[in-house]
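Given next are the chains, with one letter for each unit.
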Amino acid sequence: MKEYLKRVARFFGLIAIVPFLVGFVGAWSAGFGFFLSILVIPAATLGLLVGSIIWFVRSYQHGKRVSGSRDRFLTYSIAPLLLVVTVSAAWPLLRFGNYTGTMSRLMVNHSRYEAIIARVKADPEPAWFKDDGGIKYSVDLGPPIRVAFNPEGFLDNWSGIIYDPTGDVMLADGFDPRTGKFVAPDRVTKLFEGDLVSCLHLWGSYYNCSFT
């Protein structure tokens with residue numbers, strides 16, 4: 001009985017890891033993350049569908065051989081329950097993977113980010129996708145000076161780790177459906193010559209922000 005439940009849980013657990021990994025990888029490389037999302041996620045979805053059917057059948061067959069109403073109920077219900085949990089957790093796991101990946105990227109590159117910020121403040125000049133030893137960054141002269149590290153995306157839709165000493169980027173919170181305009185004032189929305197949609201605080205003066 002326990003071994004059977006472990007096998008069922010292992011299958012759904014492996015499927016649940018997929019969105020987390022896609023989010024994590026996407027935080028380090030938007031291009032590779034997009035590649036994974038269009039290939040791996042559909043494959044995982046198909047695998048979840050086929051695997052769920054197989055485990056439903058196996059649960060029914062195994063349940064008929066189990067003695068005791070409690071064990072029989074658990075055998076019948078474990079696959080449907082884990083299917084619901086896996087599907088419900090997919091989006092939160094994708095976002096958590098992206099957050100974890102972004103935090104790890106900030107931790108690994110923090111000292112280099114700080115060095116770039118110091119140079120930009122010492123000699124302020126506009127920059128857009130400038131490269132510094134593999135770290136791309138863009139500069140908004142403000143004032144105050146803000147720096148977007150590793151800005152990646154497609155056309156006007158991009159995201160990056162933003163250095164903002166004021167924390168005003170957290171005013172961005174999408175659209176106001178009543179007015180059809182951005183919630184944040186233009187001084188925040190128009191940073192980096194884009195439309196700032198939302199930000200998530202990482203630590204200190206660093207934020208993970210999305211633009212459109």
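Further up the page is the structure itself.
A brief structural summary.

What counts as what
- Residues numbered from 1 in each chain as written.
- Predicted model: local features only at pLDDT ≥ 70, side-chain atom pairs only at ≥ 80, totals over all residues.
- Heavy atoms only, no water.
- Helix = DSSP H or I, 4+ residues; strand = E, 2+ residues; numbered from the N terminus.
- Rg over C-alpha atoms; globule rule 2.2 N^0.38 Å.
- Buried < 20%, exposed > 50% of the residue type's maximum accessible area, 1.4 Å probe, protein only.
- Contact = heavy atoms within 4.5 Å.
- Areas by Shrake-Rupley, 256 points an atom, 1.4 Å probe, with all protein chains shown as cover.
- Lys, Arg positive; Asp, Glu negative; His and termini not counted.
- Charge placed at Lys NZ, Arg CZ, Asp CG, Glu CD.
- Phe/Tyr/Trp six-rings, centres within 6.5 Å; stacked < 30°, edge-to-face > 60°.
- Pairing = 2+ DSSP bridges.
- Axes fitted to C-alpha atoms, helices over the stretch in contact; angles between N-to-C directions.

## Thoughts on the overall build of the chain
And step 1. Along the backbone of the chain there are four helices and eight strands.
And step 2. Going residue by residue from the N terminus, the α and β elements of the chain occur as α-α-α-β-β-β-β-β-β-α-β-β.
And step 3. Against the compact-globule benchmark of 17 Å for 212 residues, the chain has a radius of gyration of 23 Å, which places it well outside the compact range.
And step 4. Taking all 212 residues of the chain together, 37% fall into the buried category.
And step 5. Nonlocal contacts in the chain, meaning residues at least 24 apart in sequence, comprise 51% of its contacts between residues at least 6 apart.
And step 6. Roughly 12,200 Å² of accessible area belongs to the chain as shown, and the carbon and sulfur atoms make up 65% of that amount.
And step 7. Here the chain holds 21 positive side-chain charges and 17 negative ones, and the gap between their average locations is 18 Å.

## Quick notes on the packing of aromatic side chains
And step 1. Scanning all chains against the criterion turns up 12 aromatic pairs.
And step 2. Ring centres 5.0 Å apart and planes at 80° place the aromatic pair F11 and F12 in the edge-to-face group.
And step 3. With a centroid separation of 6.3 Å and 35° between ring planes, the pair formed by Y113 and Y206 is classed as tilted. Taken as a pair, Y113 in helix α3 (residues 69-122) and Y206 in strand β8 (residues 206-211) lie far apart in primary sequence, 93 residues in all.

## Some points on the side chain of S104
And step 1. When you line up the elements, S104 lands in helix α3.
And step 2. Ignoring anything within four residues of it in the chain, the contact list for S104 reads F24 and W28.

## Describing the sheet that holds strand β1 (residues 127-132)
And step 1. Strand order across the open sheet formed by six strands is β1-β2-β3-β4-β8-β7, with antiparallel pairing between neighbours. Strands at the two margins of the open sheet, each flanked by one partner only, are β1 and β7 (196-203). Between one strand and the next, the sheet's axes are offset by a mean angle of 30°, whatever the strand orientation.

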